[in-house]
Amino acid sequence: FDLGPGLEIVPPTEKRVAKAYPKATEGSVYDMHFEKDKFRWTNWLKTVKDEPIREELEFQNIVVTTIDTIRYRYIFDVLATHGKHVLFGGPTGTGKTVYIKQSLDAMDKDKWTNIQSTFSAQTNANQIQDIIDNKLDKRKKGVFGPKQ
């Protein structure tokens, strides 16, 4: 099929085709994750190790692993490592900051750095620009980079 200049639909040559969707007994399609390398559907909860909560953690730092926490962290990791911008929205107190911080802390410190900032109704663009500028070195006119 030709879709125009440079765009063409090529049917797969491989005879092995995945199930179109998981079985109803396995839960909703939103409960499942497709593993490309194994060519199968797997429950999100089976994609991570079950770890007990460490006793030294303070209450506010405890993250209970749920399907939602696994999905959100996966989505964040895939988007961030592929250079895409990420914005999580939702009600207050649902753990958005915790998911993102957990993912950022797990990333390679030699390749990734983050600047954490809080916003309020009084925050203005100049304040944010100053926070970012303070974390960067000027390399040459109009070129900035991380501090060495």
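About the thresholds
Residues numbered from 1 in each chain as written. Predicted model: local features only at pLDDT ≥ 70, side-chain atom pairs only at ≥ 80, totals over all residues. Heavy atoms only, no water. Salt bridge = Lys/Arg side-chain N within 4 Å of Asp/Glu carboxyl O. Buried < 20%, exposed > 50% of the residue type's maximum accessible area, 1.4 Å probe, protein only. Axes fitted to C-alpha atoms, helices over the stretch in contact; angles between N-to-C directions. Helix = DSSP H or I, 4+ residues; strand = E, 2+ residues; numbered from the N terminus. Parallel < 35°, antiparallel > 145°, perpendicular 65-115°, else oblique. Left-handed = near helix turned anticlockwise from the far one by under 90°. Contact = heavy atoms within 4.5 Å. Nonpolar A, V, L, I, M, F, W, Y, C, P; charged D, E, K, R; others polar. Phe/Tyr/Trp six-rings, centres within 6.5 Å; stacked < 30°, edge-to-face > 60°. Pairing = 2+ DSSP bridges. Patch = residues over 30% accessible without salt bridge, like charges linked within 9 Å, V, L, I, M, F, W, Y side chains within 5 Å. Areas by Shrake-Rupley, 256 points an atom, 1.4 Å probe, with all protein chains shown as cover. Expected span 1.5 Å × (residues − 1).

(A) Representation of the pattern of salt bridges within the structure. Tallied over the full model, the rule gives six salt bridges. Across the pair Glu-35 and Lys-38 runs a salt bridge, and its minimum N-O distance is 3.9 Å. Residue Glu-35 is classed as buried on the basis of its relative accessible area of 16%.

(B) Layout of the packing of helix H1 (residues 67-81) against helix H2 (residues 96-106). Contact pair H1 / H2: the axes reach a minimum separation of 9 Å and the direction vectors enclose 55°. If you check the angle between H1 and H2, you find them oblique. When you trace H1 past H2, the crossing you get is right-handed. Residues Thr-69, Tyr-72, Arg-73, Phe-76 and Asp-77 of H1 touch H2, and the partners they reach there are Tyr-99, Ile-100, Gln-102, Ser-103, Leu-104 and Ala-106. For the contact of H1 with H2, a count of residues per class yields six nonpolar, three polar and two charged.

(C) Geometry of the packing of aromatic side chains. Taken as a whole and judged by the stated rule, the model has five aromatic pairs. Centre to centre, the rings of Phe-34 and Trp-41 are 5.4 Å apart; their planes meet at 65°, and the pair counts as edge-to-face. Relative accessible area serves as the criterion here: at 25%, Phe-34 is assigned to the partly exposed category. Taken together, the ring pairs connect Tyr-72, Phe-76, Phe-88 and Tyr-99 into an aromatic cluster.

(D) Molecular detail of the pairing of strand S4 (residues 143-146). Here four bridges tie strand S3 (residues 136-140) to S4, and the two strands are oriented antiparallel to one another. The partner of Leu-136 across the bridge, within S4, is Pro-146. The turn linking S3 back onto S4 is made up of two residues, and Gly-142 within it adopts a positive phi angle of 80°.

(E) Structural view of a nonpolar patch on the surface. Among the surface-exposed residues, Tyr-72, Tyr-74, Ile-75, Val-78 and Leu-79 lie close enough to one another that they form a single nonpolar patch of about 380 Å² accessible area. As for its placement among the helices and strands, Val-78 is situated in helix H1.

(F) The arrangement of H1 in detail. Its 15 residues give H1 an end-to-end C-alpha distance of 21 Å, which sits within 8% of 21 Å, the value for a rise of 1.5 Å per residue. Along H1, the residues classified as buried are Ile-67, Thr-69, Ile-70, Arg-71, Phe-76 and Ala-80. Residues of H1 that are buried sit in contact with strand S2 (40-43) and H2. Downstream of H1 by a residue or two, Gly-83 has a phi angle that is positive, lying close to 75°.

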